[in-house]
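# Structural features, examined
Here is how the chains run, residue by residue.
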Amino acid sequence: MLLGAISLLLAMHSTTAAQPPAQPAGESEERAAPQLHAPFTEEERAIIRKAVSRELRDPSSAQFRWNERKKNAVYCGFVNGRNAYGGYVGFTLFYLIYSESRLEAYQVKLVDPQGTALDNYVPLTLCEKAGYNLDPTLGEDDELSD
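Here's a quick rundown of the structure. If you're wondering where the values come from, they're calculated on a predicted model, not measured in any experiment. (Residues numbered from 1 in each chain as written. Predicted model: local features only at pLDDT ≥ 70, side-chain atom pairs only at ≥ 80, totals over all residues. Heavy atoms only, no water.)

### Examining helix 2 (residues 42–53)
Applicable threshold: Each helix corresponds to a stretch of at least 4 residues labelled H or I by DSSP, and each strand to a stretch of at least 2 residues labelled E; elements are numbered beginning at the N terminus. Multiply 1.5 Å by the residue count of a helix minus one, and that product is the helix's expected span. Burial classes follow relative accessibility: with a 1.4 Å probe on protein chains only, a residue under 20% of its type's maximum area counts as buried, one over 50% as exposed, and anything between as partly exposed.
Between the first and last C-alpha of helix 2 there are 16 Å, a value that for 12 residues agrees with the 16 Å anticipated at 1.5 Å per step. Turning to helix 2, its buried residues number three or more, namely E44, R45, I48, A51, V52 and S53.

Below, the structure is given as structure tokens:
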């Protein structure tokens with residue numbers, strides 16, 4: 001499965017690595033909007049919650065903000081969780097590579113807020129190229145129960 005995820009990343013990189021010819025002066029470069037996929041069902045969101053929560057210090061503290069789902073095998077959203085001192089650290093970007101035929105997480109990675117630019121290059125680039133929002137203030141919150 002990991003080999004499939006790596007192949008997907010390499011394929012996405014190789015298709016985006018070649019630069020299109022330069023635009024003539026005065027013409028604006030417009031990026032085609034990514035196509036949207038049907039929203040995740042509650043069952044699918046539960047699978048994502050479980051896969052992403054495993055990456056946290058305190059999995060039971062996970063709070064999610066959801067982006068619109070794009071029509072590809074990558075999903076990027078935001079998760080907040082408690083640190084070793086019991087405080088929430090703030091919403092952090094995560095990406096998930098999954099099978100479109102059935103929701104099964106092949107790879108989950110969180111962006112490390114203290115990480116280097118090199119550490120976070122792959123998740124940030126992957127999410128940006130897939131057309132996802134990278135601003136955690138714009139996501140749709142999970143309904144929180146008190």
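Having seen it, we continue.
### Focus on the pairing of strand 1 (residues 63–66)
Rules: Pairing between two strands is assigned when DSSP locates at least 2 bridges connecting them.
Of the two faces of strand 1, the one holding Q63 and R65 and the one holding F64 and W66 are both buried throughout. Here strand 1 pairs with strand 2 (residues 74–80) via 3 bridges, running antiparallel. Residue pairing for strand 2: R65 is matched across the bridge by F78. In this structure, strand 1 lies alongside strand 5 (residues 140–141), joined through 2 bridges in antiparallel fashion.

### Examining the pairing of strand 3 (residues 92–98)
Taking burial as the measure, the 7 residues of strand 3 include 7 buried ones, the bulk of the element. Neither face of strand 3 is exposed, since T92, F94, L96 and Y98 on one face and L93, Y95 and I97 on the opposite face are all buried. Pairing analysis gives 6 bridges linking strand 2 to strand 3, with the strands arranged antiparallel. Note that in strand 3 the partner of F78 across the bridge is L93.

### Describing the state of the cysteines
Convention followed: We call a pair of cysteine sulfur atoms a disulfide when they lie within 2.5 Å.
Enumeration according to the criterion identifies 1 disulfide in this entry. Across a sulfur-sulfur distance of 2.0 Å, C76 and C127 are joined as a disulfide pair. On the sign convention where negative means left-handed, the S-S torsion of about -90° between C76 and C127 marks this disulfide as left-handed. Here C76 is found in strand 2, whereas its partner C127 is found in helix 3 (residues 117–129), with 51 residues between them in sequence. Of the two residues, C76 and C127, neither departs from the other in class, the shared state being buried.

### A few points about the pattern of salt bridges
Condition: We define a salt bridge as a side-chain nitrogen of Lys or Arg found within 4 Å of a carboxyl oxygen belonging to Asp or Glu.
Considering all chains together, one arrives at 4 salt bridges under this definition. As a salt-bridge pair, E44 and R69 come within 3.7 Å of each other at their nearest N and O atoms. With E44 in helix 2 and R69 in the loop between strand 1 and strand 2, the pair connects residues that are 25 residues apart, well separated along the chain. Given the relative accessible area of 8%, R69 is considered buried. With a closest N to O distance of 3.6 Å, E140 and R45 form a salt bridge. Of this pair, E140 sits in strand 5 while R45 is found in helix 2, placing the two residues 95 residues apart along the sequence. Residue E140 is classed as partly exposed on the basis of its relative accessible area, which comes to 45%. The exposure class of R45 is buried, given its relative accessible area of 11%.

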